[in-house]
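Here is how the chains run, residue by residue.
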Amino acid sequence: EAGVAQSPRYKIIEKRQSVAFWCNPISGHATLYWYQQILGQGPKLLIQFQNNGVVDDSQLPKDRFSAERLKGVDSTLKIQPAKLEDSAVYLCASSRNSGGSTGELFFGEGSRLTVL
Amino acid sequence: GESVGLHLPTLSVQEGDNSIINCAYSNSASDYFIWYKQESGKGPQFIIDIRSNMDKRQGQRVTVLLNKTVKHLSLQIAATQPGDSAVYFCADVNTGNQFYFGTGTSLTVIP
């Protein structure tokens, strides 16, 4: 089974520029998550999708971050405009579960963003 | 939000010794916990999970212990190997399937 795919792996931009990250979850996984991992910290949940609907985006800085999962499969996370403190690894994860059950979370390798 | 924390940020052990990594959680309603391993430049990888109706679960060389009374979780790695060097996170999962991660413990295995 193919894993969670993310691109790009690395991105360097200047502050106030925009950036977009793409994620393709494991086939058949209903739930998709975006996490932000700042160096030396644990992953912090940004947004959770169930199919193409948003379940939780309470920690997403909506003034600059947006995410979508239009067809319930792939997802994109966009930052516009970027700030220095957005430098982090952006992890996408998916799980098979739906309807309130818990289950294992599968992560991609992440997209490392550096904002100069 | 959830609060999941680890007691020690770094741990060094001799190869062949056992490792114990601890984690505290604050939400007494949490009913599912997972340990993840993250190697440099990679995403976290599932190690073992445990539900709140259990106090111990064993895998291959790993054991997770759950003490609901003091809201404490531990990961024990037997006969630690150099390949076990990584950052280990515990995650607390709520009923909405939101996974909350602690800061992590960096394990270094000394050959």
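Residues numbered from 1 in each chain as written. Chains lettered and ligands numbered in written order. Predicted model: local features only at pLDDT ≥ 70, side-chain atom pairs only at ≥ 80, totals over all residues. Heavy atoms only, no water.

(A) Structural detail: the environment of B:V93. Residue and element names in this part refer to chain B. Tracing the chain through its elements places V93 in strand β9 (residues 86-93). The exposure class of V93 is buried, given its relative accessible area of 0%. Taking the C-alpha atoms as reference, V93 lies 9.9 Å from N27; in sequence the two are 66 residues apart. (Helix = DSSP H or I, 4+ residues; strand = E, 2+ residues; numbered from the N terminus. Buried < 20%, exposed > 50% of the residue type's maximum accessible area, 1.4 Å probe, protein only.)

(B) How the structure looks around the sheet that holds strand β8 (residues 75-79) of chain A. All names here are of chain A. The 4 strands are arranged β1-β3-β8-β7 in an open sheet whose pairing can be described as antiparallel. Lying at the two open borders of the sheet, with one neighbouring strand each, are β1 (5-7) and β7 (65-68). Sheet twist, expressed as the mean angle between neighbouring strand axes with direction ignored, is 15°. (Pairing = 2+ DSSP bridges. Axes fitted to C-alpha atoms, helices over the stretch in contact; angles between N-to-C directions.)

(C) Region of interest: the side chain of B:S30. Residue and element names in this part refer to chain B. Inspection of the secondary structure assignment puts S30 in the loop between β3 (19-25) and β4 (32-38). Taking relative accessible area as the criterion, S30 reaches 5% and is therefore assigned buried. Among the polar contacts made by the side chain of S30, one reaches the side chain of D92 at a distance of 2.6 Å. (Polar contact = N/O pair within 3.5 Å; in protein donor to acceptor, adjacent residues only side chain to side chain.)

(D) Molecular detail of the pattern of salt bridges. All names here are of chain A. Under the criterion given, the structure shown has 5 salt bridges over all chains. Between D86 and R64 there is a salt bridge, with its nearest N and O atoms 2.5 Å apart. In this pair, D86 sits in the loop between β8 and β9 (88-95) while R64 sits in the loop between β6 (53-56) and β7, placing the two residues 22 residues apart along the sequence. The exposure class of R64 is buried, given its relative accessible area of 12%. (Salt bridge = Lys/Arg side-chain N within 4 Å of Asp/Glu carboxyl O.)

(E) Representation of the state of the cysteines in the model. Throughout the structure, instances matching the rule amount to 2 disulfides over all chains. The residue that forms a disulfide with A:C23 is A:C92, at a sulfur-sulfur distance of 1.9 Å. Handedness here is read from the sign of the S-S torsion; for A:C23 and A:C92, about -70°, the answer is left-handed. Remark: A:C92 occurs in strand β9 and A:C23 occurs in strand β3 (residues 19-24); sequence separation between them is 69 residues. Since its relative accessible area comes to 0%, A:C23 is described here as buried. A residue is classified by how much of its surface remains accessible, and A:C92, at 0% relative accessible area, is buried. Shown here is the disulfide that connects B:C23 with B:C90, its sulfur atoms set 1.7 Å apart. Residues B:C23 and B:C90 are joined by a disulfide whose S-S torsion is about 45°; by sign, that bridge is right-handed. (Disulfide = S-S within 2.5 Å.)

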